[in-house]
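Each chain, written out:
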Amino acid sequence: MNETTNEYPASTMVMNGGTIDENISWTHSGGLFVDGAADVTINGGSISRNKTGLIGSQPNRTASGGGIAVNQGYAGQPGKTAEDYNQSNIAKLTINDAVIDGNHAAAAGGGIYVNSNNVTINKATITNNIADIHGGGIYVSIAEYTLRLGNSLITENEAVDGITSGTPGAELLPGSGGGIWFCPTGSAMIYVTDGTAIFGNTAVNHGADILSEAKSGSEQVTLANRMLGGGGAKWFHDRDGEQETTPVTVQNNTGYIGLKNVTTDAAKAVAASLATVLIKGNKAPRGGGIGANGSVIFGANVAGKAIKVNKLWELGSTAKKPESVKINLVLNDPNSQQNGGIVDTIELNEANNWTAEFADLPTNIQYQVTEDKLNGFTSTNSELKDLGNGVFEITFTNKAIEKPVDPVNPVDPINPVTPVTPDQPKVPDKPVTPPDQPVIPQQPVTPVQPTETQTVDKVEPKAPTQTKLVDNKVEAPIKLSEATQPVAKRDVSNTPKASGISEATDLQQAQLPQTGDKQSVTPILLGLLLMIVSFGGMALGKKRHGLK
């Protein structure tokens, strides 16, 4: 055949849907076999629960490709390369969308067996497949062949116990490489653009996420420090727990290297949201997710981009710089459910002169840069500046918030001396109850002033009663001739009487003048006249009595 089969395959097949399920074979491929000059494209559908080499009680330990087997031919002949074989046998498989689930191979490649240089997987769900020797999800057969994967997530696969492989003295232990296992001739290149994320896998013995056996020649395994989506990948060795701080390159080593990736939940979530090829839940003794005797290329071989971050301070007179500041790389993709998620974090401090960068970022993803809030500072940032050659720069400026000057603390006042508690005062004796309120005498009635025209009625003489005379001072001599002046008649019938005082006394008191009274002489003359008349009556009575 003179024409290249790359351009003119012998047969083609396009699968846009449907199912290839629950089939059984003895030698190769329980579901779909792509052989020789065939060119197959799968745009949709399911290839599930197929088996190969598992008929009867003794399995066929050469039967590979439980779901799909791709066979270009053995290229390991002297003078022959994979490109030479492309001239005659293309054996091409392109998967744009497919579900490959629950298949089982007695040898290698529980989901897909790759013995070709023309297999590309753009989108697929490869889950829950089993291989009894190598590569639970996928196996690449020999060094001359390469598998290409884009935007892949390899997680929750298991390297289980099982059959020991290899040659005497160079045994390949089971339970190795939960995510990916590379045999002595296996190699890999992981790029960050359209790359892969490998985390959360387990292994019974070595290499939870990746195990690379000792290399026999020029083969090497290079692992980026970034995952799909740009999240940081921190690789730790099985042997001592030491972390690789630079991209890992495994080359010409004399023993296996087992690695585990430790990353953030946010980075995992971003990777999962971007992945189009999911390799999950598969099992094999070596390479639970992928086993490779050949090469695997993850992502596109393009230079990544970098974002440089600077820090400026405006401290004022009293503020101090913190020990460090965290800067966050944030996904900026409105179409992603993880938009705004933190992909990676770097730290700025005095040691790095407050400058660092996010390096080797995928070129096809947009990001924003933020910083953690600093108490006591305001924060502003410049625009993301394109410096050329895939390098961008942003500067954050933190300005101290000036605090008001604290007033001088006043001097504490001297504590006053505690006053002495006075003795309890003595209770005074109970005072004597005062006497009853004295009776206030009634106001005497002022006698009516007699007029000169009044005449004195004839008073009948009565037996005189003994009357207490009141010593009244007479301001001037009294003439008896004035005793014949008429006396005003006084009505005393309504005059109140004090207790124990006779009527005569009352009368005398009523007729006594008051000190300073301008008419005090007249009442005295009237009183004397009344006494003369009384004594005259008494003398007349005695005279009459004597005449009898």
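All values derive from a computational prediction rather than experimental measurement.

Student: Just checking my understanding: could you explain the overall build of the protein for this structure?
Tutor: Scanning the protein from N- to C-terminus turns up four helices and 43 strands. Here the protein, with 548 residues, has 40% of them falling under the buried criterion. Restricting the contact set of the protein to residue pairs at least 6 apart, pairs at least 24 apart contribute 80%. Carbon and sulfur atoms provide 53% of the accessible area of the protein, an area that totals close to 31700 Å².

Student: Any chance you could explain the sheet that holds strand E14 (residues 124-127) here in plain terms?
Tutor: Note: strands within a sheet are paired through backbone hydrogen bonds, in either parallel or antiparallel orientation. Read across the open sheet, the seven strands follow the order E2-E6-E10-E14-E32-E18-E24; overall the sheet is parallel. Each edge of the sheet is formed by a strand with only one pairing partner; in this case those strands are strand E2 (19-21) and strand E24 (196-198). The average angle at which neighbouring strand axes cross in this sheet is 5°, direction not considered. The pairing of strand E18 (residues 152-155) with E24 spans three bridges and is classified as parallel. Residue pairing across strands places Leu-153 opposite Ala-197, the latter belonging to E24.

Student: How should the pairing of strand E17 (residues 146-149) be read in this particular structure?
Tutor: For a regular strand, side chains alternate in direction, first toward one face of the sheet and then toward the other. Pairing geometry for strand E13 (residues 119-121) and E17, over three bridges, is parallel. Pairing of Ile-121 across the sheet is with Leu-149, part of E17. Alignment of E17 against strand E35 (residues 295-298), held across four bridges, turns out to be parallel. Among the inter-strand pairings, Leu-147 is bridged to a residue of E35, identified as Val-296.

Student: Any chance you could explain empty space enclosed by the protein here in plain terms?
Tutor: Summary: where empty space remains is shown by rolling a probe the size of a single water molecule over the atoms. Enumeration according to the criterion identifies three cavities of 30 Å³ or more in this entry. Its volume calculated, the second largest cavity comes out at about 50 Å³. Per element, the largest residue contribution to the lining of the second largest cavity is three residues, and it comes from E24.

Student: Sorry, what's going on with the nonpolar core here?
Tutor: Across soluble globular proteins, you tend to see nonpolar side chains buried next to one another. Counting 56 residues, the largest nonpolar core has Ile-42 and Ile-121 as the members making the most contacts within it. The element that contributes the greatest number of residues to this core is strand E5 (residues 38-42), accounting for three residues. Setting aside its immediate chain neighbours within four residues, Ile-42 contacts Met-15, Leu-32, Ile-47, Ile-68, Leu-93, Thr-94, Ile-95, Asn-96, Asp-97 and Ala-98. Formed by 23 residues, the second largest nonpolar core is a distinct cluster that contains Trp-313, Val-343, Ile-346 and Leu-348.

Student: Explain the confidence of the model for the protein to me, please; I cannot follow it from the model alone.
Tutor: Low pLDDT means the predicted atomic positions in that stretch should not be read closely. Per-residue pLDDT for the protein has a mean of 80; in total, 72% of the residues score no lower than 70. Contacts for the low-pLDDT stretch residues 463-517, under 50 throughout, to residues beyond four places or in other chains number 49 contacts.

Student: Looking at this structure, I do not really get the packing of aromatic side chains. What am I missing?
Tutor: Per the stated rule, a full pass over the model turns up three aromatic pairs. Measuring from centroid to centroid gives 5.1 Å for Trp-313 and Trp-354, while their planes differ by 75°, and the two rings are edge-to-face. Residue Trp-313 is found in strand E36 (residues 305-314), and its partner Trp-354 is found in the loop between strand E38 (342-349) and strand E39 (355-361); the two are separated by 41 residues along the sequence. Each member of the pair, Trp-313 as well as Trp-354, is classed as buried. With a centroid separation of 5.4 Å and 70° between ring planes, the pair formed by Trp-313 and Phe-377 is classed as edge-to-face.

Student: Help me understand unusual backbone geometry in this model?
Tutor: Glycine aside, residues mostly have negative phi, and peptide bonds are mostly found in the trans state. For Arg-49, which is not glycine, the phi dihedral falls at a positive 60°. With respect to the element layout, Arg-49 can be found in the loop between strand E6 (46-48) and strand E7 (51-52). The backbone phi angle of Asn-389 is positive, close to 60°, even though this residue is not glycine. Along the chain, the position of Asn-389 falls in the loop between strand E42 (385-388) and strand E43 (391-400).

Student: Sorry if this is basic, but what is going on with the pattern of salt bridges here?
Tutor: Once the charged atoms of two side chains with opposite charge are near each other, the side chains can pair. All chains considered together, the criterion is met by nine salt bridges. Across the pair Glu-156 and Lys-280 runs a salt bridge, and its minimum N-O distance is 4.0 Å. In this pair, Glu-156 sits in the loop between E18 and strand E19 (158-159) while Lys-280 sits in strand E32 (residues 277-280), placing the two residues 124 residues apart along the sequence. A salt bridge links Glu-371 to Lys-311, with the shortest nitrogen-to-oxygen separation between them at 2.4 Å. Residue Glu-371 is located in strand E40 (residues 367-371), and its partner Lys-311 is located in strand E36; the two are separated by 60 residues in the primary sequence.

Student: How should I be thinking about the environment of Lys-321 in this particular structure?
Tutor: Looking at the secondary structure, you find Lys-321 in the loop between E36 and strand E37 (324-331). The exposure class assigned to Lys-321 is partly exposed, which follows from its relative accessible area of 36%. Taking the C-alpha atoms as reference points, Lys-321 and Asn-398, 77 residues apart in sequence, are found 9.5 Å from one another.

Student: Sorry if this is basic, but what is going on with the sheet that holds strand E30 (residues 248-251) here?
Tutor: Read from one edge to the other, the open sheet built from nine strands follows the order E1-E5-E9-E13-E17-E35-E23-E27-E30, with strand pairing classed as mixed. In this open sheet, the two strands that pair with only one neighbour each are strand E1 (11-15) and E30. Taking each pair of neighbouring strands and ignoring which way they run, the sheet shows an average axis angle of 10°. Relative to E35, strand E23 (residues 187-190) is paired through four bridges, and the arrangement is parallel.

Student: It is not clear to me how helix H2 (residues 265-274) should be interpreted in this structure. Could you clarify?
Tutor: An α-helical turn contains 3.6 residues, so any two residues separated by three or four positions project in the same direction. Buried within H2 are the following residues: Ala-267, Val-270 and Ala-271. The arc that holds the buried residues of H2, viewed along the axis, is 100°, so those residues lie on one side. Along its buried surface, H2 packs onto E24, E37 and E38.

Student: Quick question: what am I supposed to make of the pairing of strand E28 (residues 234-237) here?
Tutor: Across the two faces of E28 the burial differs, with Trp-235 and His-237 buried and Lys-234 and Phe-236 not buried at all. The sheet contact formed by E28 and strand E29 (residues 243-244) spans two bridges and is antiparallel. Paired with Phe-236 across the bridge in E29 is Gln-243.

About the criteria used
- Residues numbered from 1 in each chain as written.
- Predicted model: local features only at pLDDT ≥ 70, side-chain atom pairs only at ≥ 80, totals over all residues.
- Heavy atoms only, no water.
- Helix = DSSP H or I, 4+ residues; strand = E, 2+ residues; numbered from the N terminus.
- Buried < 20%, exposed > 50% of the residue type's maximum accessible area, 1.4 Å probe, protein only.
- Contact = heavy atoms within 4.5 Å.
- Areas by Shrake-Rupley, 256 points an atom, 1.4 Å probe, with all protein chains shown as cover.
- Pairing = 2+ DSSP bridges.
- Axes fitted to C-alpha atoms, helices over the stretch in contact; angles between N-to-C directions.
- 1 Å grid on protein atoms, 1.4 Å probe; cavity = no way out; pocket = protein on both sides within 12 Å on 5 of 7 lines; lining within 4 Å.
- Points joined across faces, edges and corners; volume = space filled by probe spheres on them.
- Core = buried A, V, L, I, M, F, W, Y, C linked by side-chain atoms within 4.5 Å.
- pLDDT = per-residue confidence, 0-100.
- Phe/Tyr/Trp six-rings, centres within 6.5 Å; stacked < 30°, edge-to-face > 60°.
- Salt bridge = Lys/Arg side-chain N within 4 Å of Asp/Glu carboxyl O.
- Arc of directions from axis to C-beta.

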